[in-house]
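Report on the structure
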2 protein chains.
Amino acid sequence: MSEPRLVEVRRNVLKQNDMIARALRERFRGAGAYVVSLVSSPGSGKTTFLERTLTELQPKYRVAALVGDLATENDAVRLARSKAPVKQITTGTLCHLEAAMIEKALEGWDLHQIDFLFIENVGNLVCPSSYDLGENLRLVLMSVTEGEDKPLKYPTIFNSADVAVVTKNDLATAVEFDWAAAEANIQAVRPGMQIFRLSAKTGEGMSGCLEFLGQRLAEQRTPAQTS
Amino acid sequence: MSEPRLVEVRRNVLKQNDMIARALRERFRGAGAYVVSLVSSPGSGKTTFLERTLTELQPKYRVAALVGDLATENDAVRLARSKAPVKQITTGTLCHLEAAMIEKALEGWDLHQIDFLFIENVGNLVCPSSYDLGENLRLVLMSVTEGEDKPLKYPTIFNSADVAVVTKNDLATAVEFDWAAAEANIQAVRPGMQIFRLSAKTGEGMSGCLEFLGQRLAEQRTPAQTS
């Protein structure tokens, strides 16, 4: 089992991460950039979702993306097809992104020239949950092929996220996906969580999600009159 | 980024894990039990594969399973339908099983009464790779729905495994799965790796994999004459 000393050292790493994340959040706010991070298990369709998101938002917004993986530049190459600025972060053996990696990857980018910055985390339903990256919104994606029970099995990551996105809806019939069960499981773990159901492959359901992001950006830029 | 001190403490945890794993391996060998562990991302079909494996092996072999998850007893409940002895290990926030958890979960079980012990790890393509559980064989599963690039993106876990199992082959056409690319990617990361391609849902391809396990058990029990 993990030793108490490991837990203590890990706590210090997290504390340091939170300080950097807080500074990042301030920078994003000051520059007017809205930052959305994506977490999910490997292969649930983060990159396909992100590629379509970058492409569809671009006529109206200036978008950019950072993408984390243990190895390969594959995702950055895929996302670059959208013509948006993209940087790959390779983590080696580390199962999550940390705020310091985001800070370093942003060197040379002018955040004032970005409306939406997307951060695609390493495919992992456990490790990324504890690491604040300074984002405004965290999306947790789950594909219909993964099974309806994932929220119950990985409650921490669903709790650390703001919005759930159910992907690969084009395969729902083939896998006999039980939407009511999936929805109930998400709500059981995180009552009131907003859920989008879509297929980034066919484009079905994308517009609702993208409109939601547009609203969030507008809200951030218009300070509430009363609160 | 992770501090050097964290790396050092982690190394000690791994060293301790390896000692327990070595002792477990000796116990398994002494009892004649063949131990197979399963690693994969969440939702790639470990439990469905294991349920069918337990059911199909039972007429001929005595089988048992340990199954790891952060939370819920769902998988143990599913696997218990096979009538095999099953124990759930819940890891809390830990993204992998450790040898000490296996040791503890085995309390009260007579390993001499088991031909095959299966250990289903937490759904994660990163963390489990470093932890030896004393198993004889490690299977890494990837489903056709996850995309062909997973071996390149998670090379460490493919390197730590002995055999690859491509699951959900019934969905291969629906997701336009590129078998040649997947095979080439596995071989690029781990040249010569044996690969089984199957659907645990329809049963297609299961027999080849189960026969392979039967051979491995037989080999373990028949010490090689020359080596």
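These lines cover the structure that appears in this document, whether it is placed above or below.

About the cut-offs
- Throughout, residues of each chain are indexed from 1 in the direction in which the sequence is written.
- To read the labels, note that chains go from A and ligands from 1, taken in the order they are written.
- Where local features are concerned, this predicted model is filtered to residues with pLDDT of at least 70; where side-chain atom pairs are given and counted, the filter is 80 or more; whole-chain, interface and lining totals use all residues.
- Computation of side-chain values covers all heavy atoms of the structure but excludes hydrogens and water.
- A contact between two residues is defined here by any heavy atoms of the two lying within 4.5 Å.
- For any pair of parts, buried area is found by adding up, for both, the accessible area (1.4 Å probe) each one loses once the two are put together.
- A side-chain nitrogen of Lys or Arg and a carboxyl oxygen of Asp or Glu constitute a salt bridge if their distance falls within 4 Å.
- Two N or O atoms count as a polar contact when they lie within 3.5 Å, although within protein this holds only if one can serve as hydrogen donor and the other as acceptor, and sequence-adjacent residues are included solely when both atoms are side-chain atoms.
- For each structure, a 1 Å grid was placed over the protein atoms alone; sets of points admitting a 1.4 Å probe that cannot get out are labelled cavities, open sets with protein on both sides within 12 Å along at least five of seven lines are labelled pockets, and lining residues have an atom within 4 Å of a point.
- Grid points are joined across faces, edges and corners, and a volume is the space filled by probe spheres set on the points.
- Starting at the N terminus, helices and strands are each numbered in turn, a helix being any DSSP run of H or I of at least four residues and a strand any DSSP run of E of at least two.
- Each residue is assigned to one class: nonpolar for Ala, Val, Leu, Ile, Met, Phe, Trp, Tyr, Cys and Pro, charged for Asp, Glu, Lys and Arg, and polar for all the others, Gly among them.
- Should DSSP find at least two bridges between two strands, the strands are taken to pair.
- Throughout, an axis means a line fitted to C-alpha atoms (over the contacting stretch in the case of helices), and angles, computed between N-to-C directions, take values from 0 to 180 degrees.
- The sense of a crossing depends on the near helix, which, turned anticlockwise from the far helix by less than a right angle, makes the crossing left-handed and, turned clockwise, makes it right-handed.
- Here, two cysteine sulfur atoms that lie within 2.5 Å of each other are counted as a disulfide.
- Note on exposure labels: buried denotes an accessible area under 20% of the residue type's maximum, exposed denotes more than 50%, and partly exposed covers the range between, all computed with a 1.4 Å probe on protein chains only.
- For a helix, the expected span equals 1.5 Å multiplied by the residue count minus one.
- We superpose the copies by least squares over the C-alpha atoms of residues that have a pLDDT of at least 70 in both of them.
- Think of a nonpolar core as a cluster: buried Ala, Val, Leu, Ile, Met, Phe, Trp, Tyr and Cys residues, connected wherever their side-chain atoms sit within 4.5 Å.

It is common to give the size of an interface as the accessible area that goes away when the parts come together. Contacts between chain A and chain B engage 46 residues on the former and 46 residues on the latter. In this assembly, chain A packs against chain B so that about 3900 Å² is buried in total across both faces, 57% of it on carbon and sulfur atoms. Counting across the interface, chain A meets chain B through 6 salt bridges. Linking Lys153 of chain B and Asp75 of chain A is a salt bridge whose minimum nitrogen-to-oxygen distance equals 2.8 Å. Across the contact surface, chain A and chain B share 10 residue pairs in polar contact (both at pLDDT 80 or more).

Here we take up the layout of surface pockets. Considering only enclosed or pocket space, the largest pocket measures out at about 940 Å³ in volume. As for the largest pocket, its lining consists of 36 residues, and the residues nearest its centre are Arg10, Cys95 and His96 of chain A together with Arg10 and Cys95 of chain B. With 5 residues, the single largest contributor to the lining of the largest pocket is helix H1 (residues 4-31) of chain B. In the lining of the largest pocket, the residues fall into 19 nonpolar, 13 polar and 4 charged.

This part takes up the sheet that holds strand E2 (residues 63-69) of chain B. Residues and elements named next belong to chain B. Read across the open sheet, the 7 strands follow the order E3-E2-E4-E1-E5-E6-E7; overall the sheet is parallel. If you trace the sheet from one side to the other, it starts and ends with strand E3 (86-90) and strand E7 (194-197), each paired once. Each strand axis lies, on average, 20° off the axis of its neighbour in the sheet, ignoring direction. Note: strand E5 (residues 137-143) against strand E6 (residues 163-167), 5 bridges, orientation parallel. Note that in E6 the partner of Ser143 across the bridge is Thr167. On the sheet, helix H7 (residues 179-189) packs against E5, E6 and E7 and is oriented at approximately 150° with respect to E7.

What follows concerns the packing of helix H2 (residues 46-57) of chain B against helix H8 (residues 206-221) of chain B. Residue and element names in this part refer to chain B. The N-to-C vectors of H2 and H8 enclose an angle of 65°; their axes lie 11 Å apart at closest approach. The two elements H2 and H8 cross, and the hand of that crossing is right-handed. Mapping the contact onto sequence places Phe49, Arg52, Thr53, Glu56 and Leu57 in H2 and Met206, Cys209 and Leu210 in H8. Partitioning the contact of H2 with H8 into residue classes produces 5 nonpolar, 1 polar and 2 charged.

Let's shift gears to the state of the cysteines. All names here are of chain B. Evaluation of the coordinates by the stated rule reveals 2 disulfides over all chains. Here Cys95 pairs with Cys127 through a disulfide, and the sulfurs are 2.4 Å apart. The sign of the -100° torsion about the S-S bond sets the Cys95-Cys127 disulfide as left-handed. With Cys95 in the loop between E3 and helix H4 (99-105) and Cys127 in the loop between strand E4 (116-120) and E5, this pair connects stretches of sequence that are 32 residues apart. Pair check on accessibility: Cys95 and Cys127 agree, each one buried.

It is worth spelling out helix H8 (residues 206-221) of chain A at this point. An ideal rise of 1.5 Å per residue puts 22 Å on 16 residues; H8 of chain A measures up with 23 Å between its terminal C-alpha atoms. Each element contacted by the buried residues of H8 of chain A is listed here: strand E1 (34-39), helix H2 (46-57), strand E4 (116-120), strand E5 (137-143), strand E6 (163-167) and strand E7 (194-197) of chain A.

Let's shift gears to the relation of the copies chain A and chain B. By a simple turn and slide, chain A fits onto chain B: the slide is 0.0 Å along the axis, the RMSD is 0.0 Å, and the turn is 180°. The transformation just described matches what one would write down for a two-fold rotation axis. In this assembly, 100% of the residues forming the interface of chain A have copies in chain B that are likewise at the interface, indicating an isologous arrangement.

Another point: the environment of Thr48 of chain A. Residues and elements named next belong to chain A. Assignment of secondary structure puts Thr48 in helix H2. It is 14 Å that separates the C-alpha atoms of Thr48 and Arg197, two residues lying 149 residues apart in sequence. Residues in contact with Thr48, not counting those within four places in the same chain, are Arg78, Ala200 and Lys201.

All right, on to the nonpolar core then. Core analysis: the biggest nonpolar cluster contains 50 residues, and Val140 and Ile186 of chain A together with Val140, Phe158 and Ile186 of chain B have the highest contact counts within it. Of all the secondary structure elements, the ones that give two or more residues to this core are E5, helix H6 (155-160), E6 and helix H7 (179-189) of chain A together with E5, helix H6 (155-160), E6 and H7 of chain B. Those residues in contact with Val140 of chain B that sit more than four places away from it in its chain are Val39, Leu125, Ile157, Phe158, Ala161, Val163, Ala164, Val165 and Met193 of chain B. The next biggest cluster of nonpolar side chains, apart from the first, holds 31 residues, and it includes Leu50, Leu141, Phe196 and Leu217 of chain A.

All right, on to the environment of Asn124 of chain A then. When you line up the elements, Asn124 of chain A lands in the loop between E4 and E5. Along the backbone, Asn124 of chain A and Ile157 of chain A are 33 residues apart, and their C-alpha atoms lie at a distance of 9.4 Å. Those residues in contact with Asn124 of chain A, other than ones at most four positions away along the chain, are Ser40, Ser41, Pro42, Cys95 and Ile157 of chain A together with Asn124, Val126 and Cys127 of chain B. Among the polar contacts made by the side chain of Asn124 of chain A, one reaches the main-chain amide nitrogen of Cys127 of chain A at a distance of 3.2 Å.

Once that is clear, we can look at the sheet that holds E6 of chain A. Residues and elements named next belong to chain A. Here 7 strands make up an open sheet; going across it, the order is E3-E2-E4-E1-E5-E6-E7 and the pairing parallel. In the strand order of this sheet, the two ends are held by strand E3 (86-90) and E7, each with one partner. Put simply, the sheet's adjacent strands are angled 20° from each other on average, direction ignored. As judged from the 5 bridges shared by E1 and E4, these two strands associate in the parallel manner. Its bridge partner being in E4, Val36 is matched across the sheet by Phe118. Relative to E7, H7 is tilted by about 150°, and along the sheet it contacts E5, E6 and E7.

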